[in-house]
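Observations on the model geometry
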Amino acid sequence: MSTPDAPLAGLRILDLSVGPAAQTARILADLGADVLALEPRTGSPSRREAPRIGNQSLSFALRNANKRSVVLDANDDGDRTRFLDLAAGADIVIDSGIPGQAAEFGTSCARLADRHAHLVTMSITDFGTAGPRATWTASDAVFYALSSVLSRSGPPGAAPVLPPDGIASATAAAQAAWAVLVAHYQRLRTGRGDYLDFSRYEGVLQALDPPFGSHGQAAAARGINNTRRDRPRAQDSYPIFACRDGWVRICILAPRQWRAMRAWLGEPDHFHDPQYDTIAGRAVAFDQIGAAIAALFAPRSVAELVASGSERGVPIAGVLSPREVLDAEHFRATKAWTTAELAEAVTVPVPDGCVVIDGRRAGIRWLAPPAGTSEPRWLADRPSVPVEPGGERPLSGLTILDLGVIVAGGELGRLFGDLGAEVIKVESPTYPDGLRQGRPGQSISESFAWTHRNQHSLGIDLRSPRGAELFSQLVSRADAVFANFKPGTLASLGLPYSTLRQFNPQIVLTESSAYGDTGPWSRRMGYGPLVRSSTGITQLWQGRGAQDGVHPFHDAVTVFPDHLVARLAAVATLAALIRRDRAGRGAHIHISQAETAVSLLDIGYASTWAQQEGTPVIGDLAVHGVYPCRGDDEWCVITLSPDADWNAIASTLGRDELMNDPRFTTADRRWDSRDELRGIVADYTCSRSPAEVADTLQALGVPAGPMHRGADVLTDPQVRHRSLYAEMVHPALDLALPTETRPSLSRHIPPADLRPAPTLGEHTREVCRRLLALSDDTIEQLLTDGVLHATPTSEGQLP
């Protein structure tokens, strides 16, 4: 989206970042921002990062796509002046690392923000610029350990299994993009810039699979918690079954889905007990149910099962390999991949983004250009954006009609509500949000309380003509509508985007769905587990292989990519609202969850696809490992990078003789001998605590970290120092919930309010009075007619 009509056209970003942090500005460049990447005379060190094809770094090419490149010499007085001029003319400056590239020019993000009142600057580091672990360094593997994700990955009673590399970095980049765009939006409204101290660790805690956030419908209903020792035993919520030529996964949540599965099984009498209509009831009898399904599936092919399940209304997906994903008819039909030309005229398929705005994909326009191909100047004048001032919080004054459900939908509304927008959750007793389904005896689940805080609830039947009419009146007063139904659902309600535009030409409709709104799979029922299966994530997230008929995949107890989808949807929505304020037009945004999973892991997929097509790829030689430590089920993660000081590591391990061992003297040899290397490291770690191992190796600059459970995160000294969490109280829950309160540490974005998540219809009367100007008599009649629904308890008050 490089046209003046792109949502972020005219936004100027000076990008000083290197490594994974460069993905942050790439997300904004895809939406039209003019991103000028600054490199030293020798070129960015990231240009030499693996994986490489020929002399070209695939990771650099993709993280810096859609950017321009300028080269400045920090030792040249003229270039130092040019740098300061570029920063003064920018809207956003992004740097990474301690001290960061800005330090070469005698300044920092904090000092640039002090110097230029309009400027938003962001420093991206692994753990933040202050705190007891600010000097620590991390890999994705270390982030998985510290964030508690690793503690939920792997078979019970065995070693944890590392998720695929790249997920943590992609998640942190999306959270950083959201945080910096929010600060820019606040600057547009107040004229005041900001300085953001962004911690990638905190971004992963907030947006990958939060230990204190929405866990998904099955987890909410069954009470999976993250404080237990060992891997969770409840890994059959989204079971995987062997079939004739592979594996398939089912995701049965709603009673109607179970009944469809029961009919597929031939309506066995013993499965007609009403207890099986609930997730918890089926969990108790899973051995019996699973055996029946396994027998049904075993002789059939993946294609046959997926086709039959889809026809019957059973959510199902094949567990595909990355190669099968590349060749899948659906992704080819939606043009989810494009062909990129790298060095020496080599072309490789690469993912092409996941955000579609007004029917146009916000994807790759060009790969990272050669260093210094642009002049040190901005392309165009800043556009005038006449935004009316809001309140204390960045998004105060915005009104959102939120039809979103479960995690990806609910989390999107939560992001806006935390930052001051008025978010009105629209639902009905007939179709309540699945996250409301708590454990027996609960009136609200913890997941719903986390996901829908700071919102108001309107109970309304959109399937009734009068309900649809009232909703249309709300649309005329709103800024955005959120939904994550199966494509076609809004149209079936008489509320497609074309109709919403008639009510409000400036409305922004943001939708997400499992597979997007076009293509052969668009009408399939989809949930996160099925998306992971059909995009290769499940195949990549596996242990040592199938044993005794048990599958080797370990992604069951996670919520990826739902939280990531929500962040990217939030970024696209806010970008569209900025364009609306600039150009007076709305937008229709659609995000495919499947394409999100692949696009944000584009480096791994592109390198795999290139290798499978016969293109030589020089891979990353870092050796990641999960190692046993002293204690019951205690583990640590260590990443030995190619440039690690091997002599210092060998000395620390107490094995000086390894310094000259030919198996380990070079990165290539360590990689070839990685199994032996891991055994040597395990001999060292097994007699030490995870904290002791991490502290010792971090002192050498080696990424390492203990495996945390959820409770450990709260006592992490870095998390406590930076006050990431506050306690949220809900009257329906016995205990306060630890809750994130900000997208990033900043100077001017205050902590979120923590108003309790509403009961269904809790604010119906108030919303109808205030926004629709309905009289009390009219409201009561609509309640009697079933058009509206209000909670029988006393109503909360809107601010």
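Here's a quick rundown of the structure.

The rules we used
- Residues numbered from 1 in each chain as written.
- Predicted model: local features only at pLDDT ≥ 70, side-chain atom pairs only at ≥ 80, totals over all residues.
- Heavy atoms only, no water.
- Helix = DSSP H or I, 4+ residues; strand = E, 2+ residues; numbered from the N terminus.
- Rg over C-alpha atoms; globule rule 2.2 N^0.38 Å.
- Buried < 20%, exposed > 50% of the residue type's maximum accessible area, 1.4 Å probe, protein only.
- Contact = heavy atoms within 4.5 Å.
- Areas by Shrake-Rupley, 256 points an atom, 1.4 Å probe, with all protein chains shown as cover.
- Salt bridge = Lys/Arg side-chain N within 4 Å of Asp/Glu carboxyl O.
- Phe/Tyr/Trp six-rings, centres within 6.5 Å; stacked < 30°, edge-to-face > 60°.
- Lys NZ or Arg CZ within 6 Å of the ring centre and 35° of its normal.
- Core = buried A, V, L, I, M, F, W, Y, C linked by side-chain atoms within 4.5 Å.
- Pairing = 2+ DSSP bridges.
- Polar contact = N/O pair within 3.5 Å; in protein donor to acceptor, adjacent residues only side chain to side chain.
- Axes fitted to C-alpha atoms, helices over the stretch in contact; angles between N-to-C directions.
- Right-handed = clockwise from strand over helix to strand, strands pointing away.
- Parallel < 35°, antiparallel > 145°, perpendicular 65-115°, else oblique.
- Left-handed = near helix turned anticlockwise from the far one by under 90°.
- Nonpolar A, V, L, I, M, F, W, Y, C, P; charged D, E, K, R; others polar.

**Description of the overall build of the protein**
Across its full length, the protein holds 32 helices and 28 strands. Over its C-alpha trace the protein gives a radius of gyration of 26 Å, about what one expects of a compact globule, namely 28 Å for 799 residues. Dimensions of the protein, computed from C-alpha atoms along their principal axes, come out at roughly 80 × 65 × 50 Å. Counting only residues that meet the buried cut, the protein has 62% of its 799 residues in that class. Considering only contacts in the protein between residues 6 or more positions apart, those separated by 24 or more positions represent 76%. Surface accessibility of the protein: about 28700 Å² in total, with carbon and sulfur atoms responsible for 49%.

**Digging into the pattern of salt bridges**
Pairing is possible between side chains of opposite charge, provided their charged atoms come close. Throughout the structure, instances matching the rule amount to 53 salt bridges. The salt bridge involving Glu 411 is made with Arg 414; its shortest N-O contact spans 2.6 Å. One end of the pair is Glu 411 and the other is Arg 414, both in helix H15 (residues 406-418) and three residues apart, which spans about a single turn. For Glu 411, a relative accessible area of 3% gives the class buried. With relative accessibility at 3%, the residue Arg 414 sits in the buried group. Two residues, Glu 676 and Arg 663, come together in a salt bridge whose shortest N-O distance is 2.9 Å. With a gap of 13 residues between them, Glu 676 in helix H27 (residues 674-685) and Arg 663 in the loop between helix H25 (646-652) and helix H26 (667-672) connect regions that are remote in the sequence. What makes Arg 663 partly exposed here is its relative accessible area of 30%. A single network of salt bridges, built from pairs that share partners, joins Glu 411, Arg 414, Asp 418, Arg 453, Arg 567 and Glu 740.

**Points about the packing of aromatic side chains**
Evaluated as defined, the whole model comprises 20 aromatic pairs. Through pairs of rings, three or more aromatic residues link up here, namely Phe 331, Trp 337, Tyr 515, Trp 521, Tyr 605 and Trp 609. Positioned above the aromatic ring of Trp 366, the side-chain terminus of Arg 365 is 5.0 Å from the ring centre. In this structure, Arg 674 packs its charged tip against the face of Trp 671, placed 4.0 Å from the ring centre.

**Some points on the nonpolar core**
If you look at the biggest cluster of nonpolar residues, it comprises 133 residues, and the most contacted ones within it are Trp 178 and Phe 416. Sort the elements by how many residues they give to this core and helix H6 (residues 167-190) lands first, with 16 residues. Excluding anything up to four places from it in sequence, Phe 416 contacts Trp 178, Leu 395, Leu 398, Ile 400, Ala 421, Val 423, Phe 482, Ala 570, Thr 573, Leu 574 and Leu 577.

**Concerning the pairing of strand S23 (residues 635-640)**
Consecutive side chains along a regular strand alternate between the two faces of the sheet. Of all six residues in S23, six are buried, a share of seventy percent or more. The two faces of S23 match: Trp 635, Val 637 and Thr 639 on one face and Cys 636, Ile 638 and Leu 640 on the other face are all buried. Direction of pairing for strand S22 (residues 623-628) relative to S23: antiparallel, over a ladder of six bridges. Directly across from Gly 625, in S23, lies its bridge partner Ile 638. From the end of S22 to the start of S23, which pair antiparallel, there are six residues, and Gly 631 there has a positive phi angle of about 115 degrees. Direction of pairing for S23 relative to strand S24 (residues 704-706): antiparallel, over a ladder of three bridges. The residue of S24 that forms the bridge with Cys 636 is Pro 706.

**Overview of the side chain of Arg 414**
Only 2.6 Å separates the side chain of Arg 414 from the side chain of Glu 411, close enough to count as a polar contact. With residues up to four places along the chain from it excluded, the contact list for Arg 414 reads Trp 450, Thr 451, Arg 453, Gln 455, Arg 567 and Glu 740.

**Quick look at helix H9 (residues 255-264)**
Taken together, the buried positions of H9 are Gln 257, Trp 258, Ala 260, Met 261, Arg 262 and Trp 264. Buried residues belonging to H9 abut strand S10 (246-250), helix H10 (279-284), helix H11 (286-297), helix H12 (302-312) and strand S11 (316-318).

**A word on the sheet that holds S24**
Pairing is antiparallel in the open sheet, where three strands are placed in the order S22-S23-S24. Bordering the open sheet on either side are S22 and S24, each of which pairs with just one other strand. With direction set aside, neighbouring strand axes in the sheet form an average angle of 15 degrees. Contacts from H27 reach S22 and S23, with the element oriented near 35 degrees to S22. Across the sheet, helix H28 (residues 690-698) touches S23 and S24, and the angle it forms with S24 is around 160 degrees.

**Considering the sheet that holds strand S21 (residues 587-592)**
Across the sheet, nine strands lie side by side as S15-S14-S21-S20-S19-S16-S17-S18-S28; this open sheet has mixed pairing. Lying at the two open borders of the sheet, with one neighbouring strand each, are strand S15 (360-361) and strand S28 (788-789). Inspection of the sheet shows strand S16 (residues 399-402) paired to strand S17 (residues 422-427) by four bridges, in the parallel sense. Across the sheet, Asp 402 pairs through a bridge with Lys 425, a residue of S17. Here helix H22 (residues 562-583) sits on the sheet in contact with strand S14 (355-357), strand S19 (480-483), strand S20 (508-513) and S21, set at roughly 165 degrees to S21.

**Some details on the pairing of strand S18 (residues 455-460)**
Judged by how many residues are buried, S18 sits mostly within the fold: six of six residues are covered. The pairing of S17 with S18 spans five bridges and is classified as parallel. Across the sheet, the residue bridging to Val 426 is Leu 458, located in S18. For the segment spanning S17, helix H16 (residues 446-451) and S18, crossover handedness is right-handed.

**Focus: the packing of helix H1 (residues 22-30) against H6**
Axis angle and axis distance: for two packed helices, these are the angle between their axes and the distance between the axes, and together they describe the pair. Between H1 and H6, the least distance of the axes is 8 Å, while the angle of their chain directions is 60 degrees. By the angle between their directions, the pair H1 and H6 is classed as oblique. Remark: the crossing between H1 and H6 carries right-handed chirality. Contacts between H1 and H6 pair Gln 23, Thr 24, Ile 27 and Leu 28 from the former with Ala 173, Ala 174, Ala 176, Ala 177, Val 180 and Leu 181 from the latter. Across the contact of H1 with H6, the residue classes tally to eight nonpolar, two polar and no charged.

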